[in-house]
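Each chain, written out:
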Amino acid sequence: MNFALDARGINWYKGTGIGTYTDNLLKYMLINNENDSLHIFWSGDNYKQYKNENSHIIMTSKKYHKFFEQNYFPSYIRNNDISVLHVPQNGIGLSDNIPCKKVVTVHDLIPYIIPETVGRGYLLKFLKFMPDIIAMSDAIITVSTESKNTILKFFPIDEKKIYVIPLAADSKYLPLNKNTCKNVVKTKFNISKPFILYLGGFSPRKNVKSLIYAFKKSISNLDKEYDLVLAGSDRNECQEIKSLINDLNISDNIKFTGFLEEELLPIFYNSCDLFVYPSLYEGFGLPPLEAMCCGAPVLSSNLSSIPEVVGTGGILVNPTDVNELSDNIIKILNNIELQDELKSNALNRAKKFSWSITAKKTLDVYNSI
C-alpha cells in the first residue's frame, strides 16, 4: 500500500515538539514498515537519512507552499495511487481536495484553551482552519487522553475517529556519566554549581514566573547553594522574567543558556540535580519524559496531560501554588535518598514510552481506515 507523510515540519518546526514528533515518527515508520511504500513530502536539504528502498522523497518549496498543498499534492496523490495522507502539524496545510483518506495529528488545542498564550498570527490561522481540518479528517491522532477530551469538548464528532498515541523520547536521552556531563556544562556555559533545570520555553503557559518565585523562597532553606538554569530561546516573556529576577535580587543564582542544540539536552538533563516543569497546560509534554529517560529527579505540574506522562516517575504538584513548588524543591534537594528513589522511578516510568510503538500504532491507524 502507498502512504504519504507531510514531513515538511521536520525543518519548518525544528526544535519544537511538532518537529521532533515528525522526525522520530518518520524514522521509526521507515524501520517498522517493510511492506508498504512511504511517500515523503519534504522541504529543505537534509533528506538523505530518510531514503531507503520503500521511501520516496518529494521536494517542495516553502515559498510556494499553497501551490503544493492545493495543487501539487492532490495531483501527486492521484497519480501515485496514495491510500492515506498524514499531516502531523495539527493538520495545518491539509487541502479539501486531497483524493485519499486523510489523517491528522492534533497535538493540542491550546489556542482554544488559553488563546492569550499564543501569537496572534498562529491563533487566527488555527481558529480559522481547525474546524475544517477536523471535519475533513478520516482519522485524528492525538497524543494524550487529555487532548482527546479537549477535541471532543470543542468538536461534536464520533470519538472512534480519535486515536490516542503517546509520544516518546529520542534514544539519545539516556543516563550518562554525571561528572562528565557537568564538566561539559561548566566548560561551555560557566555553570559550576549544582543546579535545578527548567527547559521548555517562556510562553506564559509555561509558568516560569512561579518557578522563579518558588526558587527565591527555597534558597535560604537548601543545604547547599544551587543555581537555577533556564534553558530555551530568548522569546515570549523572557525579558519580563529577567526583570522579575532583577527585582527579586537573585540574578547571581539564575543562568540563561539561550537556545540549546539537541545534542546538549541529554547533557543538561544528566547534569542537573532536579528538573522542574511547572507548565499550566500541555498536549503531552516531552521535556519531563526526556528528563526521566536520563534519570533526573522530576518535579512537575499536576495539570492537563502531564500526569499521563510523568505518572509515578516524579512528584506532581499544583504549579500555581508557589509554596507547594518551593516546599517540594527543598524536600527533594535536601534528601539524597529521595533523589535516588525519584531517579529509579523516572527510569522505570520512561520505559513505557517508545517511538517504535508510536510508529507501529500510527501505521495501524493508516491500515484501519
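Everything below is about the structure shown above.
Residues numbered from 1 in each chain as written. Predicted model: local features only at pLDDT ≥ 70, side-chain atom pairs only at ≥ 80, totals over all residues. Heavy atoms only, no water.

Draft legend 1. Seen up close, helix H8 (residues 208–218). The set of residues buried in H8 consists of Val208, Ser210, Leu211, Ile212, Ala214, Phe215 and Ser218. Among the structural elements, strand E8 (195–199), strand E9 (227–231), helix H9 (238–247), strand E10 (254–258), strand E11 (274–277) and helix H13 (322–333) are those in contact with the buried residues of H8. (Buried < 20%, exposed > 50% of the residue type's maximum accessible area, 1.4 Å probe, protein only. Helix = DSSP H or I, 4+ residues; strand = E, 2+ residues; numbered from the N terminus. Contact = heavy atoms within 4.5 Å.)

Draft legend 2. A look at the pairing of E8. Burial analysis of E8 places five of its five residues in the buried class, which makes it a mostly covered element. Of the two faces of E8, both are covered, the one formed by Phe195, Leu197 and Leu199 as well as the one formed by Ile196 and Tyr198. As paired elements, E8 and E9 share five bridges and run parallel to each other. The residue bridging Tyr198 from the neighbouring strand is Leu230, located in E9. Here two bridges tie E8 to E11, and the two strands are oriented parallel to one another. Residue pairing across strands places Leu197 opposite Phe275, the latter belonging to E11. (Pairing = 2+ DSSP bridges.)

Draft legend 3. Looking closely at the packing of H8 against H13. At their nearest, the axes of H8 and H13 sit 8 Å apart, and the two run at 55° to each other. Relative to H13, the element H8 lies oblique. Crossing of H8 against H13: the hand is right-handed. Only Val322, Asn323, Leu325, Ser326, Ile329 and Ile330 of H13 make contact with H8, whose side of the interface consists of Ser210, Leu211, Tyr213, Ala214, Lys217 and Ser218. Here the residues of the contact of H8 with H13 are counted per class, giving seven nonpolar, four polar and one charged. (Axes fitted to C-alpha atoms, helices over the stretch in contact; angles between N-to-C directions. Parallel < 35°, antiparallel > 145°, perpendicular 65-115°, else oblique. Left-handed = near helix turned anticlockwise from the far one by under 90°. Nonpolar A, V, L, I, M, F, W, Y, C, P; charged D, E, K, R; others polar.)

Draft legend 4. Structural detail: the sheet that holds E10. With parallel pairing, six strands are arranged side by side in an open sheet as E10-E9-E8-E11-E12-E13. Of all strands in the sheet, those bounded by a partner on one side alone are E10 and strand E13 (315–317). For this sheet, the mean inter-axis angle between neighbouring strands, taken without regard to orientation, is 20°. For E11 and strand E12 (residues 298–301), the ladder comprises three bridges, and the chain directions are parallel. Across the sheet, Tyr277 pairs through a bridge with Ser300, a residue of E12. Helix H11 (residues 286–293) contacts E8, E11 and E12 of the sheet and is inclined by roughly 165° relative to E11.

Draft legend 5. Representation of the pattern of salt bridges in the model. Enumeration according to the criterion identifies 15 salt bridges in this entry. Of the charged contacts in the structure, one is a salt bridge between Asp170 and Lys172, with a shortest N-O distance of 3.6 Å. According to the relative accessible area criterion, Lys172 is partly exposed, its value standing at 24%. One continuous salt-bridge network, built from bridges that share partners, spans Asp6, Arg8 and Glu69. (Salt bridge = Lys/Arg side-chain N within 4 Å of Asp/Glu carboxyl O.)

Draft legend 6. Representation of the nonpolar core in the model. By size, the foremost hydrophobic cluster in this structure holds 91 residues, and its most contacted members are Leu26, Ile212, Leu230, Phe275 and Leu289. If sequence neighbours within four positions are ignored, Leu26 has contacts with Leu5, Ala7, Ile10, Leu38, Ile40, Trp42 and Tyr50. Phe68, Met130, Ile134 and Phe155 belong to the second largest nonpolar core, which has 26 residues in total. (Core = buried A, V, L, I, M, F, W, Y, C linked by side-chain atoms within 4.5 Å.)

Draft legend 7. Up close: the sheet that holds strand E6 (residues 139–142). Across the sheet, seven strands lie side by side as E3-E2-E1-E4-E5-E6-E7; this open sheet has parallel pairing. Looking at strand neighbours, the two that pair on one side only are strand E3 (55–59) and strand E7 (162–164), the edges of this open sheet. Here the strands of the sheet are splayed against their neighbours by 20° on average, with no regard to which way each runs. Strands in contact with helix H2 (residues 17–32) are strand E1 (2–6), strand E2 (37–42), E3, strand E4 (84–87), strand E5 (101–105) and E6; relative to E2, the strand with the most contacts, it is inclined by about 155°. Sitting on the sheet, helix H15 (residues 355–368) touches E1, E4, E5, E6 and E7, and the angle it makes with E1 is about 125°.

Draft legend 8. Representation of H2 within the structure. With 16 residues, H2 extends 22 Å between its outermost C-alpha atoms, agreeing within 8% with the 22 Å of an ideal straight helix rising 1.5 Å per residue. Looking at H2, one finds that the buried residues are Ile18, Gly19, Thr20, Tyr21, Thr22, Asp23, Asn24, Leu25, Leu26, Met29 and Leu30. (Expected span 1.5 Å × (residues − 1).)

Draft legend 9. Highlighting empty space enclosed by the protein. The final tally for this structure, using the stated rule, is one cavity of 30 Å³ or more. When its volume is computed, the largest cavity comes out at roughly 40 Å³. What lines the largest cavity is Asp6, Phe73, Leu85, Val87, Gly93, Leu94, Ser95 and Ile98. The residue inventory of the lining of the largest cavity, partitioned by class, reads five nonpolar, two polar and one charged. (1 Å grid on protein atoms, 1.4 Å probe; cavity = no way out; pocket = protein on both sides within 12 Å on 5 of 7 lines; lining within 4 Å. Points joined across faces, edges and corners; volume = space filled by probe spheres on them.)

Draft legend 10. Layout of the layout of surface pockets. If you add up the space inside the largest pocket, you get close to 1600 Å³. Around the largest pocket sit 46 residues that line it, and Gly15, Thr16, Gly17, Arg205 and Lys206 are the ones nearest its centre. Secondary-structure elements contributing two or more residues to the lining of the largest pocket are H2, helix H5 (120–136) and H11. Class assignment for the residues of the lining of the largest pocket results in 19 nonpolar, 18 polar and nine charged. The computed volume of the second largest pocket comes to approximately 520 Å³. Around the second largest pocket sit 19 residues that line it, and His65, Glu69, Ile92, Gly93 and Phe129 are the ones nearest its centre. Every element with two or more residues in the lining of the second largest pocket is listed here: helix H3 (65–79) and H5. For the lining of the second largest pocket, a count of residues per class yields seven nonpolar, six polar and six charged.

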